[in-house]
Amino acid sequence: DLNESFDTNSDTVITCIESSCSLNNDTNGNGNDVSISDSMVSINTNGTYIIKGYFNGQIRVNVTADDYIHLVLNSVTITSNDGPALYVTNADKVTMTLLGENTLLDSTNYSEVVDEEPDACLFVDSDLSINGSGSLTVTGQYGDAIRCKKDLKIISGNIIVPSAVQRGIKAKNSICIKDGTIDVNSSNTGIKVTRDDDAEKGYIVVDGGNIAVSTGKDGIHAETHLTVHSTNYSEVVDEEPDACLFVDSDLSINGSRSLTVTGQYGDAIRCKKDLKIISGNIIVPSAVQRGIKAKNSICIKDGTIDVNSSNTGIKVTRDDDAEKGYIVVDGGNIVVSTGKDGIHAETHLTVRVGFIDIKKCKEGIEGQMIDILGGEIHVFATDDGINASKITNSTETETISATNNNNENENERKGNRQGNENATGKDGSVYINIVGGKTYVTVDGNDVDGIDSNGVLYIGGDAQVYASITGGDIYGNMGVLDAEGSNSIVEGATVIATATGMGMGGSMNGNMTPPNNENNNDNNNNNDNSKNNNNDSNNENNNKTKRQGPENGNINDNKNIMNNIKGNSFNNTMDNIDGNKFKNNTDSNMNKGNKHGGNGDMGEMNGMGGGMNESGRISQPYIQTTINTQNAGTQINVKDSKDKVIVTHTPDVSYSSILITSPSMVADETYTIITGDETNTATASETCTDTINAPSVISSTDSRGTRKSILNQIKLNA
């Protein structure tokens, strides 16, 4: 494959002038190596052949199936009047070395065609390798430009297909591209491998080079596996291209096989318009920057996606158009491991069905409006599990200095969601709406939130939500459930939230019967009161928008949050929380479901009790309580009076504060909470009777058209 050596003194030299050719050497000395007739040169014996000049005719190679042929094209032009310009009818392997500028041009009609072959200007019925420092221009006026019936390897050189009636470059078994420049213009697929009956064949591997394709059909098409690698970019203008697979157009990916893309320079996959993943197996083993990035939108219908990246895993960047900047997941299996955000949309992020596993990230799922309508989601994060905050038009924040050379600061929100009130959306323009599927969130780090909305947080429908954080509390800054505006769980949802009870918000329930010989109050005395200072200056990044607590200590200032969305008026009828501590479980506010906030009392079981006056509303029976600290991996089982398990969950981090609500629970009923070897009992509280409206759809059956109907009515305010 790498052999470029030849000797003009010993190897056969074929010099052509118009329709005749002459030999300089006869390698075997028997005169049978090459036969020359009118407009035909036939190579009959293995060896190295140097071809130069201008020939009106055809070069044909016809050796045995065990023979190796080395063709050196040295500034040769071959124009065929009938059939391929260069035709290898039989050989074991052909290596073609390019010197100078070489041109192959076939005829528009072939007179000798059997079973539709030959059908290409360069037709090779053997393995073919191309190397050298020169160029090869091949025009397919009859069918394909280049066709190899076995394995094709492009090691180096400049290969140009100005036009092809059918495919530009086609091989049966495989195509491997190590380096060189390839420019294909074709009516049919640009670069294609056709073998579909052998899992070990049918693949394409791109290890380097510069490939440009313009085609009426597929650009690059493999029947089984497609792998792309690249390490260095020499032609970069205005920081582009910067991705292994770089597409300055809409891009759709489909098929039954796989595509492996490694971003050793920047992103792995970048689409500058709309990206649709219909099917197939897409693998990003590593990326220096983003795994998969698009400008306008990403829609995932099906397939398997596995992304490992240093920067955000899957991202859409458009932040200046309410009709763009969105991500929709309609199915598939998505796995992400990243050093920053798992999945990041600038406007709307919708998950209808599918499986999402964000194994490692700083922040898991981000957008301004997040609708989780179904599917199964797992997030393991070190900052926020799910975060919603308002974008700021990037054109208005250009003066903000970037913290790295990719203009992507630590919070990764090129919403340029800076640390100011612009990032909030208590008017309903920012929300997290979880109304279906199963959502598992674990956040293990410092200054963390589980599910953090800088606007409205709504959990309802038949959603199941299991969220746990280290440190922190159930509600409030550093809370499992943290919202700037309305924070609600409505009838039908199942929620288990756990924390270590060391945060800034959310009172503890006093209706707990502790286990024998145990003092559950011990854990409550460990709360760090200094957390109430809300000093974001200690955060990793000062631009990060962390919750500062409701204005004036009251979360009920929001009126008509979603007046313009789907014709609904989000009338907040919740009774104001007066900030007084809850003295016992017979307090009228607690029976109304408004017991989560309050200033708390350091001497009572309420612990810190929501020093930020943050709270939530739950419109079905629930238990919020504290227990002795349990280790990570300790299962929670909740049983009713008939010893029936109504809900169970195993947090991946330690916990002592628990919020449990389920449609199976009954107010004023006593439930047994089993955590490892510890057993406690608690009484389910009364439901909140306030009117709670959703910021978006309330079930997965209402999901179609969600993104567009909402985006049409929400103005993205700076």
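The structure presented is a predicted model; accordingly, all values stated were derived computationally and were not measured.

1. Observations regarding the overall build of the chain
Turning to step 1, where the next piece is worked out: Summing up its helical and strand segments, the chain has three helices and 58 strands in all.
Turning to step 2, where the next piece is worked out: On the chain, roughly 26900 Å² of surface is accessible, and the fraction owed to carbon and sulfur atoms is 40%.

2. Some remarks on the sheet that holds strand S14 (residues 144-148)
Turning to step 1, where the next piece is worked out: Ordered by their spatial adjacency, nine strands build an open sheet running S3-S4-S6-S8-S11-S14-S17-S20-S23, and the pairing between neighbours is mixed. Of all strands in the sheet, those bounded by a partner on one side alone are strand S3 (34-37) and strand S23 (220-221).
Turning to step 2, where the next piece is worked out: Note that strand S17 (residues 169-171) and strand S20 (residues 191-193) share three bridges and pair parallel. Bridge pairing links Ile169 to Ile191 in S20.

3. Brief notes about the pairing of strand S54 (residues 636-639)
Working note: regular strand, side chains alternate between the two faces of the sheet.
Turning to step 1, where the next piece is worked out: Here four bridges tie S54 to strand S55 (residues 645-649), and the two strands are oriented antiparallel to one another. Bridge pairing in S55 links Ile636 to His649.
Turning to step 2, where the next piece is worked out: Taking the residues that link successive antiparallel strands as the turn, the S54-S55 hairpin has five residues, and the phi of Asp643 there is positive, at about 65°.

4. Some words on the environment of Ser664
Turning to step 1, where the next piece is worked out: Locating Ser664 in the fold gives a position in the loop between strand S56 (655-661) and strand S57 (670-675).
Turning to step 2, where the next piece is worked out: For Ser664, a relative accessible area of 45% corresponds to the partly exposed category.
Turning to step 3, where the next piece is worked out: Remark: the alpha-carbon pair of Ser664 and Val647, spanning 17 residues in sequence, is separated by 8.7 Å.
Turning to step 4, where the next piece is worked out: Contact partners of Ser664, with chain neighbours within four places excluded, come to Ile646 and Tyr671.

5. Quick word on the nonpolar core
Turning to step 1, where the next piece is worked out: Core analysis: the biggest nonpolar cluster contains 120 residues, and Leu122, Ile169, Ile292, Ile314, Ile451 and Ile459 have the highest contact counts within it.
Turning to step 2, where the next piece is worked out: Other than its neighbours up to four places away in sequence, Ile292 contacts Ile269, Leu275, Ile277, Ile282, Val284, Ile298, Ile305, Val307, Gly313, Ile314 and Lys315.
Turning to step 3, where the next piece is worked out: Membership of the second largest hydrophobic core comes to 16 residues, among which are Val638, Met665, Ala682 and Ala684.

6. Re the sheet that holds strand S49 (residues 487-489)
Turning to step 1, where the next piece is worked out: Ordered in space as S26-S29-S32-S35-S38-S40-S42-S45-S49-S52, the ten strands form an open sheet in which the pairing is parallel. With one partner strand each, in any of the chains shown, strand S26 (251-253) and strand S52 (617-618) form the two edges of the open sheet.
Turning to step 2, where the next piece is worked out: Two strands pair when backbone bridges link them, and S26 and strand S29 (residues 274-277) are joined in this way by three bridges, in the parallel orientation. Note on S29: the bridge partner recorded for Ile253 is Ile277.

7. Focus: unusual backbone geometry
Turning to step 1, where the next piece is worked out: Pro118 follows Glu117 through a cis peptide bond whose omega is -5°.
Turning to step 2, where the next piece is worked out: On the secondary structure map, Pro118 appears in the loop between strand S10 (101-105) and strand S11 (120-124).
Turning to step 3, where the next piece is worked out: With a phi angle near 60°, Ser39 is a residue other than glycine that sits in the positive phi range.
Turning to step 4, where the next piece is worked out: Relative to the helices and strands, Ser39 is located in the loop between S3 and strand S4 (40-43).
Turning to step 5, where the next piece is worked out: A positive phi angle, close to 65°, is found at Glu116, a residue other than glycine.
Turning to step 6, where the next piece is worked out: Residue position: Glu116 is located in the loop between S10 and S11.

8. Here we look at the pairing of S10
Turning to step 1, where the next piece is worked out: Burial of S10 is one-sided: the residues Asn102 and Leu104 facing one way are buried, the residues Glu101, Thr103 and Leu105 facing the other way are not.
Turning to step 2, where the next piece is worked out: Where strand S7 (residues 68-79) lies against S10, three bridges are found, and the strand directions are parallel. Residue pairing in the sheet places Thr79 in a bridge with Leu105 of S10.
Turning to step 3, where the next piece is worked out: Two strands pair when backbone bridges link them, and S10 and strand S13 (residues 135-139) are joined in this way by five bridges, in the parallel orientation. Paired with Glu101 across the bridge in S13 is Ser135.

9. Comments concerning the environment of His378
Turning to step 1, where the next piece is worked out: Counting through the fold element by element, His378 comes out in strand S41 (residues 376-388).
Turning to step 2, where the next piece is worked out: Aside from chain neighbours lying at most four places away, what touches His378 is Phe355, Ile356, Asp357, Ile358 and Tyr440.
Turning to step 3, where the next piece is worked out: Within the local environment of His378, its side chain forms a polar contact with the side chain of Glu376, the two groups lying 2.7 Å apart.

10. Points about the side chain of Ser696
Turning to step 1, where the next piece is worked out: Topologically, Ser696 is positioned in the loop between strand S58 (678-683) and helix H3 (706-711).
Turning to step 2, where the next piece is worked out: Classification of Ser696 as buried rests on a relative accessible area of 7%.
Turning to step 3, where the next piece is worked out: Within the local environment of Ser696, its side chain forms a polar contact with the side chain of Tyr431, the two groups lying 3.4 Å apart.

11. Concerning the side chain of Thr347
Turning to step 1, where the next piece is worked out: Here Thr347 lies in the loop between strand S37 (341-344) and strand S38 (348-351).
Turning to step 2, where the next piece is worked out: Taking the relative accessible area as the measure of exposure, Thr347 reaches 0% and is therefore buried.
Turning to step 3, where the next piece is worked out: Here the side chain of Thr347 touches Tyr326 through a polar contact of 3.4 Å, landing on its backbone nitrogen.

12. A closer look at the pattern of salt bridges
Turning to step 1, where the next piece is worked out: Counted by the stated rule, this structure contains 20 salt bridges.
Turning to step 2, where the next piece is worked out: Across the pair Asp144 and Lys170 runs a salt bridge whose closest N-O atoms are separated by 3.2 Å. Taken together, the positions of Asp144 in strand S14 and Lys170 in strand S17 put the pair 26 residues apart, joining distant regions of the chain.
Turning to step 3, where the next piece is worked out: For Asp144, a relative accessible area of 0% puts it in the buried group.
Turning to step 4, where the next piece is worked out: You can call Lys170 buried: its relative accessible area is 11%.
Turning to step 5, where the next piece is worked out: In this structure, Lys293 engages Asp267 in a salt bridge whose closest nitrogen and oxygen atoms are separated by 3.3 Å.

13. Structural notes on the environment of Asp151
Turning to step 1, where the next piece is worked out: Structurally, Asp151 can be placed in strand S15 (residues 151-154).
Turning to step 2, where the next piece is worked out: Taking C-alpha positions, Asp151 is 6.5 Å from Ala171, a pair spaced 20 residues apart along the chain.
Turning to step 3, where the next piece is worked out: Those residues in contact with Asp151 that sit more than four places away from it in its chain are Asp127, Leu128, Asn173, Ser174 and Lys201.
Turning to step 4, where the next piece is worked out: Engagement of the side chain of Asp151 in a polar contact is seen with the side chain of Ser174, the distance being 2.6 Å.

14. Points about the confidence of the model for the chain
Detailed reading of the predicted coordinates is not advisable wherever pLDDT falls low.
Turning to step 1, where the next piece is worked out: Model confidence for the chain is summarised by a mean pLDDT of 80, while 75% of its residues fall at 70 or above.
Turning to step 2, where the next piece is worked out: Ignoring residues within four places in sequence, the model shows residues 395-422, a span with pLDDT below 50, making 77 contacts including any to other chains.

Reading guide: rules and limits
Residue indices follow the written sequence of each chain, beginning from 1 at its first position. Local features in this predicted model are restricted to residues of pLDDT 70 or higher, and side-chain atom pairs are both shown and tallied only at a pLDDT of 80 or more, whereas totals for entire chains, interfaces and linings draw on every residue. No hydrogens and no water enter the side-chain calculation; it runs on all heavy atoms of the structure. Numbering of helices and strands runs from the N terminus; a helix is a DSSP stretch of H or I covering at least four residues, while a strand is a stretch of E covering at least two. Residue exposure ignores everything except the shown protein chains as possible cover, and the areas themselves are Shrake-Rupley values with a 1.4 Å probe. Think of it this way: DSSP has to see at least two bridges between two strands before they count as a pair. Remark: exposure states derive from per-residue accessible area (1.4 Å probe, protein chains only) relative to the maximum for the residue type, with buried under 20%, exposed over 50%, and partly exposed in between. Any pair of residues with heavy atoms lying within 4.5 Å of one another is described as a contacting pair. Take the buried Ala, Val, Leu, Ile, Met, Phe, Trp, Tyr and Cys residues and link them wherever side-chain atoms come within 4.5 Å; each set so joined is a nonpolar core. Between N or O atoms, a polar contact is any pair within 3.5 Å; within protein, one atom must be a potential hydrogen donor and the other a potential acceptor, and residues adjacent in sequence are included only when both atoms are from side chains. The salt bridge criterion pairs a side-chain nitrogen of Lys or Arg with a carboxyl oxygen of Asp or Glu, the two atoms within 4 Å. The pLDDT score gives, residue by residue, the confidence of the prediction method on a 0 to 100 scale.

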